[in-house]
Amino acid sequence: MRQDLTGDSVSRHIDASPEELYDIVSDVTRTPELSSEIADVKWLNGATGPAVGARFRARNSAGRGPDWFNKPVITVADRGREFAFERTEWIGGTLRWSYRFEPDAAGTSVTESYEVTKPLNAFGWFLIGTLYGLKDRKTDLRHGMTETLERLAAMVRQPA
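Residues numbered from 1 in each chain as written. Predicted model: local features only at pLDDT ≥ 70, side-chain atom pairs only at ≥ 80, totals over all residues. Heavy atoms only, no water.

Attention shifts here to the packing of aromatic side chains. Across all of its chains, the model carries six aromatic pairs by this definition. On the numbers, 6.1 Å between centres and 85° between planes, the contact of Tyr22 with Phe83 is edge-to-face. Separated by 61 residues along the polypeptide, Tyr22 in helix H1 (residues 18–26) and Phe83 in strand S6 (residues 82–89) bring together distant segments of the chain. Pairing Tyr22 with Phe101 gives two aromatic rings, centres 6.0 Å apart and planes at 75°, and the pair type is edge-to-face. Linking Tyr22 in helix H1 with Phe101 in strand S7 (residues 93–104), this pair joins segments that are 79 residues apart in sequence. When its relative accessible area of 3% is taken as the criterion, Phe101 is described as buried. By the ring-pair criterion, three or more aromatic residues cluster together here, those being Tyr22, Trp43, Phe56, Phe83, Phe85 and Phe101. (Phe/Tyr/Trp six-rings, centres within 6.5 Å; stacked < 30°, edge-to-face > 60°. Helix = DSSP H or I, 4+ residues; strand = E, 2+ residues; numbered from the N terminus. Buried < 20%, exposed > 50% of the residue type's maximum accessible area, 1.4 Å probe, protein only.)

Spelled out as structure tokens, the structure:
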């Protein structure tokens, strides 16, 4: 099972300010609240918040296989405009994840996207399909982005 995985994006209008949405997304320790594929996130090397060059450790869980870890690095931390990070895995290539926030008349248009900058290797595709039982990673990732934006919208609608 090998796919031509290059990138994708999903957008959604949310009735909240770009800054409020950025603050939630850029607090990577809250990522498990947004994504069902992320089980745990911790800041690394003394980092306590979003800054270019800051690293965090993410524990991912998907499919039927064991959890796996990666250590993304923040590449863009522009409050209210964009938050982005890259993660590299030895078999999983390099993906750049980004959240863009564009104010509109009644809130914010949020776009989550990913771009594959170094493709997964053949062994990575084998593990994804065999060990984890994930047969359509493009669809999985698109569904995950849609779910993340739905959860983000629900978070800002609920009183704290």
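If you trace the backbone, Phe85 turns up in strand S6. On the accessibility criterion, Phe85 (14% relative accessible area) is buried. For the pair Phe85 and Tyr99, spaced 14 residues apart in the sequence, the C-alpha separation amounts to 9.4 Å. Contact partners of Phe85, with chain neighbours within four places excluded, come to Phe56, Pro72, Val73, Ile74, Thr75, Leu95, Arg96, Trp97 and Tyr99. (Contact = heavy atoms within 4.5 Å.)

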